[in-house]
Every structure is written in structure tokens, then in C-alpha cells.
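Residue-level listing of the chains:
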Amino acid sequence: MSLLVVGLSHRSAPVSVLERASLAADTQAKLLQDTLAAEPATEAAVLATCNRIELYADVDKFHAGVAELSTLLAQHSGVGLDELTPYLYVHYEDRAVHHLFSVACGLDSMVVGEGQILGQIKDALARGQELHTAGRLLNDLFQQALRVGKRAHSETGIDRAGQSLVSFGLQQLAAGADPGLWARGKRALVIGAGSMSSLAAATLARTGVAEIVVANRTRSRADRLVEILQQGDDTTVRAHAVEMSAVGDELTRADVVVSCTGATGLVLTADALADALGVTLDAPAEAPAATAVPAPADVDQHAAWVENGSATSAPEAPRRITLPAQSTGPVKLALLDLAMPRDIDGAAHRIDGVRLVDIESLADASADAPMAADVDQVRTIVADEVAAFGAAQRAAHVAPTVVALRTMAADVVAGEIARLDGRLPDLDEKQRAEITQTVRRVVDKLLHAPTVRVKQLASEPGGAGYADALRELFDLDPQTVAAVSRADLNDPNRGRS
């Protein structure tokens, strides 16, 4: 196993960089295809969410892998490599497994314990399977990550350590008030009908808003979301869908707006919001002094940090620039922007009566959130699962060699029985069957102890060399072993949940 992950997230990069580096669905597909086309990767998967962009690959050369994956991320994100490199982190082999398992459990999320990441990991796996870029290693890895995440949520109270991004955002909009009391009777506008917007609409309905209006570029998807909301047994919310062209009118009647679309530009400009409220947009405050950006680190230096075990991430990102304080007057319109890149103009904070919460402010607010005691339990689960995954992968590495050895032994037995038939043609069927069974039992008993033991030894740290020793001792054809591996990899039932 030579698992490598290169990526950036809200922990390593400012939101402005994450926005620019965000990858559309077709760009993700092209990134995966180009990763496989380039050496030294043999498998690839991309995990792209509003808070992270990570490229996973099975590589045969570490330094070349780091350089290649970093370059590909820069090319497909449109952010120059020199600019992107300081924000990249690198994890290799067991550290990469630990990272993904931690991500799956919500330990690395902006709001600790949020469960949406499991759906995003599942989508990343499905994309790799559909494009045939996820082979045996990444199928096993992502399937196991999903199981680890589900285990963490079922066996611990990690859900109490944080909330979903939507719930946390609504809590921020309520500004210390009880979200249920704050939302009661309000009219909400949800822009977008994807998974995040659907979650936002369902959360708003449960929180107690009186009405939800859904706007989406594809009207049928908005209608479907409305249908789902109205079928819920735990809410009595009124809901209906509108065309995107009606958003301006709906803004004049809305109390709360949640936006999460896949648009590459702004969906709501500050001018449009000001017009909807019938107010004048304040002049922008004087721009703050430029924040020094550290000199880009060399990609090879990133590789050296990881290989030497001295670091697993890029240098600390520059501190975020805090926007001017929002109006302290009564809030007429509460805005929650969960999109990346952002849907709502950041200048909306200058509009009197508007309160804006977006990904960046959520990151700042959640950074100081208290950690639940359950987090330690989840970390223990992750550590145990990483060890188990490594053992299973090492054992799987020796399995093709064991299969090839037993195949060779079966061929030897078949050859000797055929030679015996030629020398003793008068043997009856019962005698021939008894001799054949005896020879097979002898071979099986001779092979049993070494093959069982080599599997045990191979599953331990540093046990990868036992497969090589077995091949050398029995003079096994490497092509035969490789053929067994390919057959296992091409099994259509492998890697499916």
C-alpha cells in the first residue's frame, strides 16, 4: 500500500483560497482521469466539499506523487502552484488512512461531529467507481471510512460535540437566542435544491418556521423538495416552489434566506439585497492593510516534511481579516450562505438590518466551540480502525502469493498423478482416487503451516516482505502472482456496499 493524500481545507487555507480552488463536478472527473493518466498514480479519488479539496491516490513513488498531485490540483483548480502550495497538506500511508477516518467521523469538520461528510465520502467513492479510477485500495479505504464514521456516530455521543453546519449556522443567526423561538413564525427562502439545501429546508421546518419557499434553477427539483417537506410527519410547515427569476420578489417577503447552489458567481449581490429591503447600501469601509502572505514552500519540501515525520501539513495559513461589525439594530433579513464559492455578496454585512453568516464566519465561530468528552472516544475508535485496516491490507498483499503457491502445488500434484497413470495404467478408479487424495493431503499439510504463518506475519507492521520471501523460496512466477491480483481487482462484486 502506498496511499497518498494531498489537499487543503478550512484548517490550512483561508476561505478565499478555498473558494477559488473549488472544483465543479466535471472538473473533478477530469482531475481523476488526468491523475490516472499521469505517473506515478494507479488509483485516484477526490473528496471535494465546501470546506476541503483532497486528492487521494495509490502511488509507487512518494516524492514524485506529491509533486504530481500538487501540480494537478493547481492546474484543475485554477490557483497557481506557487500560491496553492503553502496551504497544502500531505499525508502518507497510515497517516493518510488516519486522516480520512478522522474526516469521516467529523473530527476534522468545521463543526465537530457533523454527519454530512459521510454522504460526501460516499459520493466521492461512487464517482471513483463510476469513472473506474478507484481500484482495490481506494475502494477498501473509502468503504472502511464509511463504516468507521457510522460506528463513531452510533457508539459515541460525537453528535453532541457539534451540530450540522446548517443547525450551527441557524444558531449563529439567532445570536444567542433559542433557535426554535427565533425561527417561529418566520418566512424562509431556500435557494438551491441539492443535498445541503434540502438539509437546510428540513432543519428550518423542524426548527419551526411557518413557511418555506424553494427556488432552484431546475424547477422540478424544487418541486420535489417541496413535496418531501410537505410529507414530513414532524412538521406542519407550508412550502411551495418558485422559479429563480422570482427570487427578487421573494426577498421582499422573506425573514430568513439560506443559499447553497453550485453557481460559480454570486447569486445575491449586495445591491439586490439593498433593493429588496428598500435601503441604500453604505459606502465600503476603508480597506484594511494588506496581510503578509508567506513565501510559497517548495513542493519537495512538503514531501520531505512528511517522509521525515516532522510535519503533516503546510505552514499555518495567514490570519483571516475580520469584517467590520454588523449592524446592531433590529435584523430585518437573516442570511445564511453555505455555498462554496459563496452565493451571497460579503458586502451584505454593510446593509442596515441584514445579518449575514457564511462559511468563513462559521469557521471563526466554531473554532472556539467546546469539545465534548466523546471526542476522545472517537479518536480511540479511529486509532483502532487504522491499525485494523493496515493489518488487513498487509494480509491482502500476501494473499495472491499464497494463492499462486497453492496453484503451483495443485499443478505439481496433477502432473504427478498423470505420470502415475502412465506408469500404472491398470489401477482401478478406486485406487487412483485414493492415491490422488493421499498426495493432495500430504501437500496440503506441508503447505498449511507456512501459508497460515505467513498471513499472520504479513499482517503485522513491517510484514510486507514475507510475501517476497515466499515467492523467492518457492520460485514463484511473478506474472502468476500479478495475474491473481488482477483477477481479484476485477471482481465485479468487490468494493460494492
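Above this text is the structure in question.
Residues numbered from 1 in each chain as written. Predicted model: local features only at pLDDT ≥ 70, side-chain atom pairs only at ≥ 80, totals over all residues. Heavy atoms only, no water.

Colleague: Residue-level account of the nonpolar core, with values.
Modeller: Here is a general trend for soluble globular proteins: nonpolar side chains tend to be buried in one another's company. Judged by nonpolar contacts, the single largest core of 69 residues is most densely connected at Leu165, Ile212 and Leu338. Among the nonpolar cores identified, the runner-up in size contains 35 residues, and Val5, Ala45, Ala104 and Phe142 belong to it. (Core = buried A, V, L, I, M, F, W, Y, C linked by side-chain atoms within 4.5 Å. Buried < 20%, exposed > 50% of the residue type's maximum accessible area, 1.4 Å probe, protein only.)

Colleague: How would you explain the sheet that holds strand E5 (residues 187–191) if you had to name every residue and give the values?
Modeller: Spatially, the 6 strands line up as an open sheet ordered E7-E6-E5-E8-E9-E10, and their pairing is parallel. Looking at strand neighbours, the two that pair on one side only are strand E7 (238–243) and strand E10 (354–358), the edges of this open sheet. Strand-to-strand twist across the sheet, computed as the mean angle between neighbouring axes with direction ignored, equals 15 degrees. Sheet topology places strand E9 (residues 333–337) next to E10; 5 bridges connect them, and they run parallel. In the sheet register, Asp337 faces E10, and the bridge partner there is Asp358. Docked against the sheet, helix H9 (residues 165–174) engages strand E8 (256–259), E9 and E10, running at close to 150 degrees with respect to E9. (Pairing = 2+ DSSP bridges. Helix = DSSP H or I, 4+ residues; strand = E, 2+ residues; numbered from the N terminus. Axes fitted to C-alpha atoms, helices over the stretch in contact; angles between N-to-C directions. Contact = heavy atoms within 4.5 Å.)

Colleague: Residue-level account of the side chain of Asn216, with values.
Modeller: With respect to the helices and strands, the residue Asn216 is situated in strand E6 (residues 211–216). Only 3.2 Å separates the side chain of Asn216 from the backbone nitrogen of Ala193, close enough to count as a polar contact. Asn216 has contacts with Gly192, Ala193, Arg221, Ala222, Val242 and Met244, leaving out every residue within four places of it along the chain. (Polar contact = N/O pair within 3.5 Å; in protein donor to acceptor, adjacent residues only side chain to side chain.)

Colleague: How would you explain the sheet that holds strand E4 (residues 89–92) if you had to name every residue and give the values?
Modeller: Ordered by their spatial adjacency, 4 strands build an open sheet running E2-E3-E1-E4, and the pairing between neighbours is antiparallel. Two strands lie at the open edges of the sheet, namely strand E2 (41–48) and E4, each paired on one side alone. Strand-to-strand, the axes of this sheet are offset by a mean angle of 15 degrees, without reference to chain direction. Of the pairings in the sheet, the one linking strand E1 (residues 3–9) to strand E3 (residues 52–59) comprises 7 bridges and is antiparallel in character. Within E3, the residue paired with Val5 across the bridge is Tyr56. Contacting E2 and E3, helix H2 (residues 25–37) crosses the sheet at an angle of about 160 degrees to E2. Against the sheet, helix H5 (residues 94–104) engages E1, E2, E3 and E4, with an angle of about 115 degrees to E4.

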